[in-house]
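Chain by chain, the residues:
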Amino acid sequence: MCAGDRPESLAEICTARCLRNLGGTMCRTSAEGSLSLSGGVFLPSEICDRLLNTYVELVLTDSTFQKHDGFFTLFSDPYSTRLKRVQLRNDVVRDRDLEAIAKQDLIELHLIYCNKLTSGSLKTLTHFRHTLVSLSLYGCSNIFRRRGLNTQALDDQGNPSRRAEPDFTFQGFDRLRLLNLGGLALPVDVEALLHPLPTLVSLDLSGIRIPRAKFLLQWKDTLASLVLYNVELSEEHIHTIVKLSNLRHLDISRENQRSFSFKLSRNTLTGIVQDLSHLVSLDISCNVIVDDCIVSQPISHIEPSDSSIFPFRDLKRPLQFLGLYDTSLCNLTHIPAYKVTGTRNEDQILNAIEAYTELRPEVAHRAINHLFDIARIQHCSQLIRALQLVIAALKFHKYNKNIQVTGSAALFYLTNTEYRTNQSVRLRREVIQVVLNGMEEYQEVTVQRNCCLTLCNFSIPEELEFQYLRVNQLLLRILEPAWQDESIQRIAVHLCNALVCQVDNDHKEAVGKMGFVTTMLNLIQKKLQDKMCDQVMEFSWSALWNITDETPDNCEMFLDSKGMSLFLQCLETFPDKQELHRNMLGLLGNVAEVKALRPQLLTPQFITVFSNLLDSKADGIEVSYNACGVLSHIMFDGPEVWTVEESCRDEVMDRMRAAIRSWDVNSRRNINYRSFEPILRLLPQSIAPVSQYWATWALYNLVFVYPDKYCPLLIREGGMALLQGVLEMDTSQAETKDMARKVMEYCRNFREEPMDTTK
């Protein structure tokens, strides 16, 4: 099993299956389209919790998942469904959704960045007051905003005063032990709000203004965890904090060093360590540390008494976690903690991403940027962990541009050839999904470029096939605007070309209906206007060549979209571009294979062009070969359809024979046949011996130069019997029969050759 290849559990598979097929599994749909549980269904909390939390995850991370407006009402009846632990985030949940589950006896309710929730949801929260043990309202910035006020009172500093909804109180939340009010952004009267909660064990007040810290002492005997991230601290705050003697986790970190004036001195840190003797976790990231905290002599072991950070020498034991990100202390030789966040090495950086991703994207994105530098310049030794952490960050912060830019850049380097070994299929698919999420959400140039480049690290189309239509749709959307960045355009066209190469016809037809053909032709038209034949021009023709292969509908789209006019213009404007000519003639060979479309090629202008290209030496024999292939299919329709008075059919056939005789049968080819059917259909006929001649030469060349690939294909598709027929036909040319015998001989020898079992 590859690293990171933990298979999905049966519970995960069943949950996703039910959510993607609610009507066929556990629900019924009314005539109005509303959902309700099927009769007789009872779901325990273990299942209900998983269903609801997975639903939120799918809505946020999977664009193909269908969101249901009435989904939360499925859990409105506590007699048929039981919810205990609910985690909701971003804009998935609204007031009515929370109200729908108001009768449930929730133990945990975590609401993170739920900005659609208003103060109306505060009333709903009171329904859970008798059972709720853990509550998070992190980043729900509108939930304490007072409604219906066009004017606001001013506080002592003349700022708008927004206090908590006057009707809401935590009175009666007697079981509440863990409370997170961080990131609310609006000033609330925290002291009054929290007064009815005498037994809190964990409190997060990140980003909230706390003018007076003494109210924290009401939890002096109970509080084990206190988070004051991005809180403006003072000596008074520190004096209060160190009196909370039962604290095991303290977080006084910041977003950056510039926003706050308070500095951590040696005495301050010493006081924290000495007075909070039960601490196992401390985070002081992004604080300005006064230099007198550092001990100069290097120490190599982990005992606190030998710490390079002087105040930490008073620790009784190493900390389980120590946050030192963006501080001078993370660069020291000995830090008395088992897990440290910082920027000194890969381990510290990965710890930082892990610790800060969920609630501190502003810090996490900087840590991911450090990881990007490691993957790009040095070497990432914890590849699987790094990938999993970046994927998690991109999933959690789908709407955060900074995370998407740095995360997609890191993924490009973490998925390249150097790191590919041992990456599991499941892990690589997760990378593809978050990359497509980024492409879907952001039209910004940097994100689009990073995502497209990352997709280039995968085997195409094989590894992208599970998201085939989606990735094509996103790439075509990128290519639509004429103003698109040149580098992104080039990468996107390359990806489009690779995606339609070596896939079945159903895939090609589906992509054609998305507008693939017209998008490529629009790119070609723009390049013609600019008189520029670059990679975008060549890749566009190559993509059209691939998508029209054995796909008549796409061939017809090409003709209907004035593709032949662009072909002639390109031929005239860029007469010396050999690869361009090869791609265009390959495409026209596909068009010529469709009998119903051949009359559109039978014009004096086109016949003259194809005839002249028989003499081309561009790209070896490829242009001449493809031009002859087009004419061979036209000749196959017989003399009665030849309506071109300006060109004699016999003269054109003579030129075809001369061209075929000039080709070297040893020529290596820039072409890839998935089937010989279009060639084989030209063999059993006498109406155009030159077409039979071209088809036999094509088979001769391919089985001679690439026997391992093409001998089995010819045998499998019944080519031997058709070649035998050529030998028996009086109308077949002597040269044609000679080549047919050699092809059959090669294939017999290939089939009869004993298998080498030593390899």
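All figures in this text were calculated on a predicted structure; none of them were measured in a lab.

Novice: Describe in detail the overall build of the protein chain, supporting the description with residues and values.
Specialist: Along its length, the protein chain carries 30 helices and 14 strands. A globule of 759 residues ought to have a C-alpha radius of gyration of about 27 Å, yet the protein chain, at 35 Å, is considerably larger. Dimensions along the principal axes, computed over C-alpha positions, put the protein chain at roughly 105 × 70 × 60 Å. Taken over 759 residues, the protein chain has a buried fraction of 54%. Put simply, 68% of the contacts in the protein chain that link residues at least 6 apart link residues at least 24 apart. Accessible surface, the protein chain: about 33400 Å² in total, of which carbon and sulfur atoms supply 48%. Across the protein chain, the mean location of the 80 positive side-chain charges is 5 Å away from that of the 92 negative side-chain charges.

Novice: Please provide a residue-by-residue account of the state of the cysteines, values included.
Specialist: Applying the stated criterion across every chain, the model contains 0 disulfides. Free cysteine: Cys451, not disulfide-bonded; nearest cysteine sulfur from Cys452 at 7.0 Å. The thiol of Cys501 is not disulfide-bonded; the next cysteine sulfur, from Cys496, is found 13 Å away. Classification of Cys501 as partly exposed rests on a relative accessible area of 26%.

Novice: Please give an account of the environment of Leu580 that cites residues and values.
Specialist: As for its position among the elements, Leu580 is in helix α22 (residues 578–592). Between the C-alpha atom of Leu580 and that of Gln535, which follows or precedes it by 45 residues, the distance is 9.5 Å. Those residues within four positions of Leu580 in sequence are excluded, and the remaining contacts are Cys533, Met537, Glu538, Trp541, Cys570 and Phe574.

Novice: So, a negative patch on the surface: which residues are in play, and what are the values?
Specialist: A cluster of like negative charges, contributed by Glu462, Glu465, Asp504 and Asp506, occupies part of the molecular surface. If you trace the backbone, Glu465 turns up in the loop between α14 (445–455) and α15 (468–479). We classify Glu465 as partly exposed; its relative accessible area is 37%.

Novice: Describe the packing of aromatic side chains, naming the residues involved and giving the relevant values.
Specialist: All told, the structure shown has 27 aromatic pairs when counted by the stated rule. Both rings, one in Tyr113 and one in Tyr138, keep their centres 5.8 Å apart while their planes meet at 90°; by these two values the pair is edge-to-face. One end of the pair, Tyr113, is in the loop between β4 (108–112) and α5 (120–125); the other, Tyr138, is in the loop between β5 (134–136) and β6 (178–180), and 25 residues separate them in sequence. Lying across the ring of Tyr229, Arg360 places its NZ or CZ 4.0 Å from the centre. Between Arg429 and the ring centre of Phe466, over which it is positioned, the NZ or CZ distance is 4.5 Å.

Novice: Explain the pairing of strand β3 (residues 85–89) residue by residue, including any values.
Specialist: Pairing analysis gives 5 bridges linking β3 to β4, with the strands arranged parallel. Residue pairing in the sheet places Leu88 in a bridge with Leu111 of β4. One crossover worth recording links β3 to the parallel β4 by way of helix α4 (residues 95–100), and it is right-handed.

Novice: How would you summarise the environment of Lys527 if you had to cite specific residues and measurements?
Specialist: Secondary-structure assignment places Lys527 in helix α18 (residues 516–529). When the C-alpha positions of Lys527 and Met537 are compared, they lie 6.6 Å apart, and in sequence the two are 10 residues distant. Sequence-distant contacts of Lys527, that is, excluding residues within four places in its chain, are made with Glu486, Gln489, Met532, Asp534, Val536 and Met537.

Novice: Describe the packing of helix α24 (residues 622–636) against helix α27 (residues 689–705), with residues and values.
Specialist: Relative to each other, α24 and α27 sit at 140°, their axes nearing to 8 Å. By the angle class used here, α24 and α27 are oblique. In the crossing of α24 with α27, the sense of the turn from one axis to the other is left-handed. Where α24 approaches α27, its residues Tyr625, Cys628, Gly629, Ser632, Met635 and Phe636 are matched on the opposing element by Val690, Ser691, Trp694, Trp697 and Ala698.

Novice: Tell me about the nonpolar core, residues and numbers included.
Specialist: Most often, soluble globular proteins have nonpolar side chains that are buried together. Grouped together as the largest cluster of nonpolar side chains are 160 residues, with contacts concentrated most on Trp541, Phe558 and Phe567. In this view, Phe567 contacts Trp541, Met584, Leu585, Leu588, Val609, Phe610 and Leu613; residues no more than four positions away in its chain are not counted. Ranked by size, the runner-up nonpolar core spans 96 residues in total, among them Leu98, Leu203, Val242 and Leu324.

Novice: Break down helix α23 (residues 604–613) for me, citing the residues and quoting the values.
Specialist: Along α23, the residues that are buried comprise Phe606, Ile607, Val609, Phe610, Ser611 and Leu613. The elements touched by buried residues of α23 are α21 (563–573), α22, α24 and α25 (649–662).

Novice: Help me get a handle on the confidence of the model for the protein chain, residues and values and all.
Specialist: On average, residues of the protein chain score 88 in pLDDT, and 92% of them reach the 70 mark or higher. The model gives residues 148–166 a pLDDT under 50, and that stretch makes 29 contacts with residues more than four places away or in other chains. Scored below 50 in pLDDT, residues 754–759 makes 0 contacts in the model with residues more than four places away or belonging to other chains.

Novice: Please provide a residue-by-residue account of the packing of α21 against α23, values included.
Specialist: Their axes nearest at 12 Å, the elements α21 and α23 cross at an angle of 45°. Relative to α23, the element α21 is oriented oblique. At the point where α21 passes α23, the crossing takes the left-handed sense. Here Met564, Phe567, Leu568 and Leu571 of α21 lie close against α23, whose contacting residues are Gln605, Phe606, Val609, Phe610 and Leu613.

Novice: I'd like a rundown of the side chain of Lys508, residues and numbers included.
Specialist: Mapped onto the secondary structure, Lys508 falls in helix α17 (residues 505–513). Apart from the residues within four sequence positions on either side, Lys508 is in contact with Val500, Val503, Asn546, Ile547, Asp549, Thr551, Asn554 and Arg674.

Novice: Tell me what's going on with helix α16 (residues 486–499), and back it up with residues and numbers.
Specialist: Think of an α-helix as turning once every 3.6 residues; residues three or four places apart then point the same way. End to end, α16 covers 20 Å across 14 residues, agreeing with the expected 20 Å (1.5 Å per residue, within 8%). Along α16, 11 of the 14 residues are buried, which leaves the element largely enclosed by surrounding structure. What α16 keeps buried is the set Ser487, Ile488, Gln489, Ile491, Ala492, Val493, Leu495, Cys496, Asn497, Ala498 and Leu499.

Novice: Requested: an account of the pattern of salt bridges, with residues and values cited.
Specialist: Going through the model one piece at a time under the given rule, you end up with 29 salt bridges. Lys595 is the partner of Asp637 in a salt bridge, and the nearest nitrogen-oxygen pair spans 3.3 Å. A residue pair is termed long-range when its members are at least 10 positions apart, and Asp637 in the loop between α24 and α25 and Lys595 in the loop between α22 and α23 qualify at 42 residues. In this structure Lys595 comes out as exposed when scored by relative accessible area, which is 57%. In the salt-bridge network here, residues are joined through shared partners; they are Lys339, Asp347, Glu354 and Arg385.

Cut-offs and rules
Residues numbered from 1 in each chain as written. Predicted model: local features only at pLDDT ≥ 70, side-chain atom pairs only at ≥ 80, totals over all residues. Heavy atoms only, no water. Helix = DSSP H or I, 4+ residues; strand = E, 2+ residues; numbered from the N terminus. Rg over C-alpha atoms; globule rule 2.2 N^0.38 Å. Buried < 20%, exposed > 50% of the residue type's maximum accessible area, 1.4 Å probe, protein only. Contact = heavy atoms within 4.5 Å. Areas by Shrake-Rupley, 256 points an atom, 1.4 Å probe, with all protein chains shown as cover. Lys, Arg positive; Asp, Glu negative; His and termini not counted. Charge placed at Lys NZ, Arg CZ, Asp CG, Glu CD. Disulfide = S-S within 2.5 Å. Patch = residues over 30% accessible without salt bridge, like charges linked within 9 Å, V, L, I, M, F, W, Y side chains within 5 Å. Salt bridge = Lys/Arg side-chain N within 4 Å of Asp/Glu carboxyl O. Phe/Tyr/Trp six-rings, centres within 6.5 Å; stacked < 30°, edge-to-face > 60°. Lys NZ or Arg CZ within 6 Å of the ring centre and 35° of its normal. Pairing = 2+ DSSP bridges. Right-handed = clockwise from strand over helix to strand, strands pointing away. Axes fitted to C-alpha atoms, helices over the stretch in contact; angles between N-to-C directions. Parallel < 35°, antiparallel > 145°, perpendicular 65-115°, else oblique. Left-handed = near helix turned anticlockwise from the far one by under 90°. Core = buried A, V, L, I, M, F, W, Y, C linked by side-chain atoms within 4.5 Å. pLDDT = per-residue confidence, 0-100. Expected span 1.5 Å × (residues − 1).

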